[in-house]
Amino acid sequence: MQVLKFGGSSVANSANINKVVSIVLSAMQKEPVLLVVSALGGVTDQLLQTGELASHADESYKALLKTMENRHLDTVRELLPIQQQSSTLSLVKQQFNELENICDGVFLLGELSARTRDRIVSYGELLSSQIISARFQSLQTDQIWTDARKLIRTNSGFGNATVDFTVTGKNITAFCQQEVHGLYVIPGFISADAEGNTTTLGRGGSDYTAAIFASVLEVSVLEIWTDVSGMMTADPRLVQNAKPIQRISYQEAMELSHFGAKIIYPPTIQPVMRKHIPVWVKNTFEPEAYGTLIENESAVTDSFIRGISSINKISLLSLEGSGMIGIPGFSKRLFEALANESVNVILITQSSSEHSICVGINEADTAKAKAAIDHAFHHEIQIGKVEPLKVETGLSIVALVGEQMKSHPGISGKMFGVLGKNGINVRAIAQGSSEKNISTVLSTHDVKKALNVLHEEFFETTYKQLNVFIAGTGNVGGKLIGQIRKQFAYLEHHLRLQIQIIGLANSKKVLINENGIDPDHWKDSLQTAPAGNIHDFVEQIIGKNLRNSVFVDVTANATVAGVYGSLLEKSVSVVACNKIACSSAYADYRKLKSLAREFNSLFLFETNVGAGLPVIGTLNDLLRSGDIVNRIQAVLSGTLNFVFNNYDATVPFAEVVRQAQAEGYTEPDPRLDLGGTDVMRKIMILAREAGQQLEMEDISNEYFLPAKCFEGSVEDFYAEMLRQEAHFKAIYEAAAAKHCKLKFVAKYENGKAAVGLQHIPADSDFYHLYGKDNLVLFYTDRYPEQPLVIKGAGAGADVTASGVFADIIRVAR
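About the thresholds
Residues numbered from 1 in each chain as written. Predicted model: local features only at pLDDT ≥ 70, side-chain atom pairs only at ≥ 80, totals over all residues. Heavy atoms only, no water. Axes fitted to C-alpha atoms, helices over the stretch in contact; angles between N-to-C directions. Helix = DSSP H or I, 4+ residues; strand = E, 2+ residues; numbered from the N terminus. Parallel < 35°, antiparallel > 145°, perpendicular 65-115°, else oblique. Contact = heavy atoms within 4.5 Å. Phe/Tyr/Trp six-rings, centres within 6.5 Å; stacked < 30°, edge-to-face > 60°. Buried < 20%, exposed > 50% of the residue type's maximum accessible area, 1.4 Å probe, protein only. Lys NZ or Arg CZ within 6 Å of the ring centre and 35° of its normal. Pairing = 2+ DSSP bridges. Expected span 1.5 Å × (residues − 1). Salt bridge = Lys/Arg side-chain N within 4 Å of Asp/Glu carboxyl O. Disulfide = S-S within 2.5 Å.

> Looking at this structure, I do not really get the packing of helix α4 (residues 86–109) against helix α5 (residues 114–138). What am I missing?
Two quantities define a packed helix pair, namely the angle between the helix axes and the distance between the axes. Here α4 crosses α5 at 175°, and the two axes come no closer than 11 Å. Accordingly, the angle class assigned to the pair α4 and α5 is roughly antiparallel. Across the interface between the two elements, Thr88, Leu91, Val92, Gln95, Phe96, Glu98, Leu99, Ile102, Cys103 and Val106 of α4 pack against Thr116, Arg119, Ile120, Tyr123, Leu126, Leu127, Gln130, Ile131 and Ala134 of α5.

Pasting the structure below:
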């Protein structure tokens, strides 16, 4: 004998029922089948709603009944040949007449008892099973339909009755011995007490019905057919990369079911578990898929975590007080108070100091649970031995499940580490001594993020996904997007890293796509995106709350730099090409670094100095390895180096500057470069990274631009430079007369920093510095005479974008 059970989605309509018929007929070729079916999809809820409407004197219950009746009649007409429809159509109409009579009684009484509710809801399975039986009859199948209420005996616990397995076992055995057929069609979910009153086995009880028959008949396997291909490592609605679980133990399946994996109904497993009968969860709509086999022993695999599950709408109740310490009976009184109000406790945790005990319950039970506990501990609260009960709502439980966890140390550390890195605060923790699951209570807002980071940590063998939000889509931003697109396959293959551009923003538009923005068509997408500013962008980043989020600033905007703190506080890492934040007041700079440490995020800004050159990274490596920086000398402006390498007094100085701006070497306002402000910022950032508390006003600047060049707009600046050409020519000729070159040099030594234009002789390290190159010399305890030298292109959109890109990859690693 085989037992096959099909759920509501599998029998929702005639097309689906025909799929069920095909699967059952195929199974019957091996051995007889006992088929258990649920009500048509959604009908159970509608029947419950009908009873409630009638009990509240709402006559719309009649229209709802008519809708359900027509649905069942239409299903009969679609399934059966015309000449075979009449008896089944009459049956459907007769049962809906009975149902209407019951609801009319409820309407008149204005009362819906648990017993009447069970009677009403039983019609769902009675109707569906008889329609399906008629379909098999029309195909001349050797089959019989029987009412489960004649076989399954329970107590009178209406709504969630307890099965009398002794009587039920005898009934089922006798029935199957008397009636020998190829197919037995049974309505799920329903049963009867000793007086013959209809009872139900609880929501999801059709699975239980199937398990009862499987247990009594001692079948080789119980098949539960649903609308998904078995159990998954996580909820696929929340975790895009959730994977099927092919084999799982009874205990693991029950743990996952308890913590929200609703593929099976938890009590289902108990009758078959006692007999060591496997449960095979299969997909009606993809019958060739393997599904999930639930068996006695946990399958030995490379993954010691079997699945991740969650329950929402949890309240946390915390009872605390010094009067609890060493006093027996507090826990008993707490759980007794909850039990008396039929409050189910989902999670328990208690500190070893006995100062507090915490329980997780369904949010819907919060009010009555609080009232019960306050009453039970009224005296202790009044005299101050126990504090008033603390209630927290808006919480969820996320649980890691796997029998093999007990033989793998470090699971908890890895779990809490990855949650912490993503800014997910854990409110409570529970782990049984069997080590089959580790449960955490956290904010419901963080559930999706938590499930994804845990799934990535424990199940993703292919890649880690980084979710990137880019502010600034100009020259550098565009190059960065192009580089990410070009390297996508390489990173996925070699680093198992997938970088998804989730958000883009410029000064006018904000584009967000949680599934990723196509890097080939980002310009068109941004063009049609809604209007928005940087604050709208940040609000959406925080609201999305995606795992492994990185904010990338490739602007030179102070407002954009001002949002870093709010992102770091949410554990969103920040990669900044923008120098404004790190060159602002020292207290602000230190605060951003501190926030990054406090909230397990990264604040990286390698491109603040030297574009793509590894200047800041090298400096940090020196310091971390114990070296001391005594002096820094550097040409830090690719712009100024380009300008003075190309100016020879034959072409106006203003034209050389304009060329530098056209080639992307200058800030939007070139005066920041030529006035030395940009170099001042860079040497200050290096000094700060070396441990020196330095402000902009502490840095001396020997300006070479006449004061009038700083007045007016950028175009006014260019016009003034043309008028001042004689000044620039004189500077050049003074250096040339000494056989020197002009270089704008930054210097840091003994806690002081200075920048200015210098005459560089031929024997200097800076003399042979061409184009837009930068050069940084670190004089340290380990490099006292011969400095550590970093040299290369220090400006340009491509190299700057590559430096930002490298920082993004550092976040991932």
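> What am I meant to see in the packing of aromatic side chains here?
To describe a pair of aromatic rings, one takes the distance between the centres and the angle between the planes. In the structure shown here, the tally under the stated rule is 21 aromatic pairs. A centroid spacing of 6.2 Å and a plane angle of 70° characterise the contact between Phe469 and Phe537, whose relative ring orientation is edge-to-face. Here Phe469, found in strand β17 (residues 464–471), pairs with Phe537, found in helix α17 (residues 534–544); they are 68 residues apart in sequence, far enough to count as distant. Residue class for Phe537 comes out buried when judged on its relative accessible area of 0%. Through successive ring pairs, a cluster of aromatic residues spans Phe644, Tyr647, Phe653, Phe704, Phe728, Tyr732 and Phe744. Directly above the aromatic system of Phe165 lies the positively charged group of Arg274, at a separation of 5.1 Å from the ring centroid. Over the aromatic face of Phe330 sits the side chain of Arg333, whose NZ or CZ is 5.6 Å from the ring centroid.

> Just checking my understanding: could you explain the sheet that holds strand β1 (residues 2–6) for this structure?
Think of a sheet as strands paired side by side through backbone hydrogen bonds, with each pair either parallel or antiparallel. Spatial ordering of the open sheet is given by β3-β4-β2-β1-β7-β9-β10-β8, a layout of eight strands whose pairing is mixed. A strand with exactly one partner marks an edge of an open sheet, and here the two such strands are β3 (143–145) and β8 (247–249). Between one strand axis and the next, the sheet turns by 20° as a mean value, whatever way the strands run. Two elements, β1 and strand β7 (residues 222–226), share four bridges in a ladder whose sense is parallel. Each bridged residue has a counterpart across the sheet, and for Lys5 the counterpart in β7 is Ile224. With respect to the sheet, helix α1 (residues 14–28) is in contact with β1, β2 (33–37), β4 (183–187) and β7, its orientation differing from that of β1 by roughly 175°.

> Sorry if this is basic, but what is going on with helix α25 (residues 677–689) here?
Structural remark: α-helix, 3.6 residues per turn; residues separated by three or four positions point the same way. Here α25 is 13 residues long and its end C-alpha atoms lie 18 Å apart, about the 18 Å a rise of 1.5 Å per residue gives. For α25, the tally of buried residues reaches 12 of 13 residues, placing the bulk of the element in the interior. Buried within α25 are the following residues: Asp678, Val679, Met680, Arg681, Lys682, Ile683, Met684, Ile685, Leu686, Ala687, Arg688 and Glu689. Following α25 by one or two positions, Gly691 adopts a phi angle in the positive range, close to 105°.

> Explanation requested: the side chain of Glu295 in the structure shown.
In this fold, Glu295 is placed in strand β10 (residues 292–295). The exposure class assigned to Glu295 is buried, which follows from its relative accessible area of 14%. Once you skip the residues sitting within four places of it in the chain, Glu295 turns out to touch Arg247, Ile248, Ser249 and Tyr250.

> It is not clear to me how the environment of Ile269 should be interpreted in this structure. Could you clarify?
Relative to the helices and strands, Ile269 resides in helix α9 (residues 269–274). When the C-alpha positions of Ile269 and Tyr208 are compared, they lie 7.8 Å apart, and in sequence the two are 61 residues distant. In this structure, Ile269 is in contact with Tyr250, Ala253, Met254 and Ile264, ignoring residues within four places of it in sequence.

> Where do I start with the pattern of salt bridges in this structure?
Proximity of charged atoms lets side chains of opposite charge pair with each other. Within this structure, the stated rule accounts for 30 salt bridges. Across the pair Glu392 and Arg427 runs a salt bridge, and its minimum N-O distance is 2.3 Å. Of this pair, Glu392 sits in strand β14 (residues 390–401) while Arg427 sits in strand β15 (residues 426–431); the two residues are 35 residues apart in sequence, bridging distant segments of the chain. The salt bridge partner of Glu720 is Arg723, with a shortest N-O separation of 2.9 Å.

> Would you mind going over the pairing of β14 with me for this structure?
Successive residues of a regular strand alternate their side chains across the two faces of the sheet. Judged from the nine bridges that link them, strand β11 (residues 307–320) and β14 form a sheet pairing that is antiparallel. Looking at the pairing, Ile311 lines up with Ile397 of β14.

> Quick question: what am I supposed to make of the state of the cysteines here?
By definition, a disulfide links the sulfur atoms of two cysteines through a covalent bond. Under the counting rule described, the total for this entry stands at zero disulfides. With no disulfide of its own, Cys577 lies closest to Cys582 among cysteine sulfurs, the gap being 11 Å. For Cys577, a relative accessible area of 13% translates into the label buried.

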